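# A look at the structure
Here's the letter readout for the chains.
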Amino acid sequence: MAAKDADVGARHVDVAPDHADFWTRGVGEAPEGPSGALSPRHSSGGFRHLLFSADERHDHEILNLADIERLDALRDQIRHRGIERRAFSYWGSVKGTVTLDVLRSPFFALSFAVYAATVAAFAHPAGIEDRTLYMTTLTVLGAFLSFASIFLNKETYQRFRVSYEASTASQSAIFECATVSRLGLRDVAGRTVVRFLCAAYLAAFAGLRDSHYDVEQVLLPFVQRHGLLTDREWALLSRRGGFAATGDRYRELLAWAVGVAQRERNDGRCHPEDARRIVKPILRLRASLAVAYHRLGQPMPFVYVHLVRILTTCYLPVFAFVLARLGSRNPAVHTLACVAICITCFFFLGINTVSVKLADPYGHDIDDLRIIAHCSAMPGACRALLTTGMDEETTRALWQEAPTSPFDDPVAYFSSSLSAAGATGSPT
């Protein structure tokens, strides 16, 4: 790494991990956040939780930073409890699954109502001549719906996966930039570049159309907590159009970061190769953050989603009707038919529910991405990179001892050799 006039051990700054003024020290004061943004609200549970899904409760509400952090903690608990290994526990069969969504669906109750009405209306099962028609209808509709539903779910999961990988790629780009800035830039310049990137990370999600990350309740408290922007910087960005419903502000922050690296290079305080290595991950960060705008700008085609919904709406009542017409009036047969209806509803309604949840991974549903957790991890981790330094004894051993090879430093090598020979009185 080509840093000018910099010693590895001398540049170490010992900063406590909870110092919020680390990033803007010597630059300015951080803006004040709104009151109440860091206090969680009362949880909505009980009977209302059974009637309305998380999407219906949260996606139309403005959650503050503390609310989303609590939601991220719940997502983290579900992720680490190993749902696939505890499938019959509360966490594995109800919480964080499609169970409540399927049970709340009107088509779940409608299927059983159709079965009961058919059994009551027809005293005897269908004759042999009608069974072929019933089975053919059921098979054809089921095949079409299965293919369409699974394909839709696959496409939405692909969108979810790409969004997650873009978020983690953003973290990698910031880490790379912080690592190079540690030795390639002055302390204040390195801190400025990295804090602009950390602020841009969340500002990009706050700028999404119909964003679930409110500027006043989420972005500003986040910036104020970690001290990522000064009051004048925040005011300048707000005057230029604000952060809501636009990606211009996060792109401006990235441009500021590039400008700092370029100015340091032009002024001779940063090696051109170091400046290039700093700018490269910044541009890669911009590309990763743009994925969210690309995905939400072109959602799943409504005509295809509508086809799947129509097929599901038609198939479930038909399935219940066919079971009622083909089965005998034995109680054991009724029990088996009800189990089959339940499983069929869970499959098709569950696939539809999963596709809806995965289509927009930036919301407040319990299955959405933990964006705030991803963003909150960056300031502390980058601060650790910018304040790190090797042990002084190791530093002296590496850079203050005489070179052991003439190829490292010929002048110093032969000078030390002559000095050693003079001390011992032996010729060289």
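Throughout what follows, the structure given in this document is the object of discussion. As the structure is a computational prediction, the values presented were derived from the model and not from experiment. (Residues numbered from 1 in each chain as written. Predicted model: local features only at pLDDT ≥ 70, side-chain atom pairs only at ≥ 80, totals over all residues. Heavy atoms only, no water.)

## A short note on the overall build of the protein
- For the protein, the count of helices and strands is 17 helices and 0 strands.
- Here the protein, with 428 residues, has 43% of them falling under the buried criterion.
- Sequence-distant contacts in the protein: of pairs separated by 6 or more residues, those separated by 24 or more amount to 82%.
- Taken as a whole, the protein presents about 22,000 Å² of accessible surface, with 61% of it coming from carbon and sulfur. (Helix = DSSP H or I, 4+ residues; strand = E, 2+ residues; numbered from the N terminus. Buried < 20%, exposed > 50% of the residue type's maximum accessible area, 1.4 Å probe, protein only. Contact = heavy atoms within 4.5 Å. Areas by Shrake-Rupley, 256 points an atom, 1.4 Å probe, with all protein chains shown as cover.)

## A word on the nonpolar core
- If you look at the biggest cluster of nonpolar residues, it comprises 65 residues, and the most contacted ones within it are Phe205, Leu219 and Ile282.
- Contributions of two or more residues to this core are made by helix H3 (65-80), helix H7 (128-184), helix H8 (187-206), helix H9 (215-226), helix H10 (231-239), helix H11 (248-266), helix H12 (272-297) and helix H15 (371-386).
- Leu145, Ala148, Tyr304 and Tyr315 belong to the second-largest nonpolar core, a separate cluster that totals 26 residues. (Core = buried A, V, L, I, M, F, W, Y, C linked by side-chain atoms within 4.5 Å.)

## Topic: the packing of aromatic side chains
- The full count for this structure, using the stated rule, is 14 aromatic pairs.
- Measuring from ring centre to ring centre gives 4.8 Å for Phe347 and Phe348, while their planes differ by 80°; the resulting arrangement is edge-to-face.
- What makes Phe348 buried here is its relative accessible area of 4%.
- What links up through ring pairs into an aromatic cluster is the set Tyr315, Phe319, Phe347 and Phe348.
- The side chain of Arg191 reaches across the aromatic face of Phe22, ending 5.7 Å from its centre. (Phe/Tyr/Trp six-rings, centres within 6.5 Å; stacked < 30°, edge-to-face > 60°. Lys NZ or Arg CZ within 6 Å of the ring centre and 35° of its normal.)

## Overview of the pattern of salt bridges
- Tallied over the full model, the rule gives 20 salt bridges.
- For Glu165, the salt bridge is made with Arg161, and the minimal N-O distance between the two is 3.2 Å. Remark: Arg161 and Glu165 occur in helix H7; sequence separation between them is 4 residues, near one turn of the helix.
- On the basis of relative accessibility, which here comes to 43%, the residue Arg161 falls in the partly exposed class.
- For Glu264, the salt bridge goes to Arg269, with nearest N and O atoms at 3.3 Å.
- Glu264 gets classed as buried once you look at its relative accessible area, which sits at 4%.
- Assessed through its relative accessible area of 36%, Arg269 is described here as partly exposed. (Salt bridge = Lys/Arg side-chain N within 4 Å of Asp/Glu carboxyl O.)

## Description of empty space enclosed by the protein
- A complete count under the given rule lists 3 cavities of 30 Å³ or more for this structure.
- Here the second largest cavity defines a volume of roughly 40 Å³.
- The wall of the second largest cavity is formed by Ser163, Ala166, Ser167, Ser170, Tyr201, Phe205, Ser288, Leu289, Ala292 and Tyr362.
- Broken down by secondary-structure element, the contributors of at least two residues to the lining of the second largest cavity are H7, H8 and H12.
- The greatest single-element share of the lining of the second largest cavity, amounting to 4 residues, is contributed by H7.
- Looking at the lining of the second largest cavity, its residues break down into 6 nonpolar, 4 polar and no charged. (1 Å grid on protein atoms, 1.4 Å probe; cavity = no way out; pocket = protein on both sides within 12 Å on 5 of 7 lines; lining within 4 Å. Points joined across faces, edges and corners; volume = space filled by probe spheres on them. Nonpolar A, V, L, I, M, F, W, Y, C, P; charged D, E, K, R; others polar.)

## Some remarks on the side chain of Glu252
- Structurally, Glu252 can be placed in helix H11.
- Judged by its relative accessible area of 14%, Glu252 is buried.
- In contact with Glu252, other than residues within four places in its own chain, are Leu237 and Arg240.

## Quick notes on the environment of Leu296
- Inspection of the secondary structure assignment puts Leu296 in helix H12.
- Discounting chain neighbours no more than four positions away, the residues touching Leu296 are Arg159, Leu208, Arg209, Asp360 and Tyr362.

## Here's the deal with H11
- Over its 19 residues, H11 extends 26 Å from the first C-alpha to the last, a length consistent with the 27 Å expected when each residue adds 1.5 Å.
- If you check which residues of H11 are buried, you get Arg249, Tyr250, Glu252, Leu253, Leu254, Ala257, Val258, Val260, Ala261 and Glu264.
- Its buried side turned inward, H11 meets H8, H10 and H12.
- Two residues or fewer past H11, Gly268 is found with a positive phi of approximately 80°. (Expected span 1.5 Å × (residues − 1).)

## A word on the packing of H7 against H12
- Running from N to C, H7 and H12 point in directions that differ by 160°, and their axes come no closer than 8 Å. As far as their axial angle goes, H12 and H7 are roughly antiparallel. Like other packed secondary-structure pairs, H7 and H12 cross with a definite hand, here left-handed. (Axes fitted to C-alpha atoms, helices over the stretch in contact; angles between N-to-C directions. Parallel < 35°, antiparallel > 145°, perpendicular 65-115°, else oblique. Left-handed = near helix turned anticlockwise from the far one by under 90°.)

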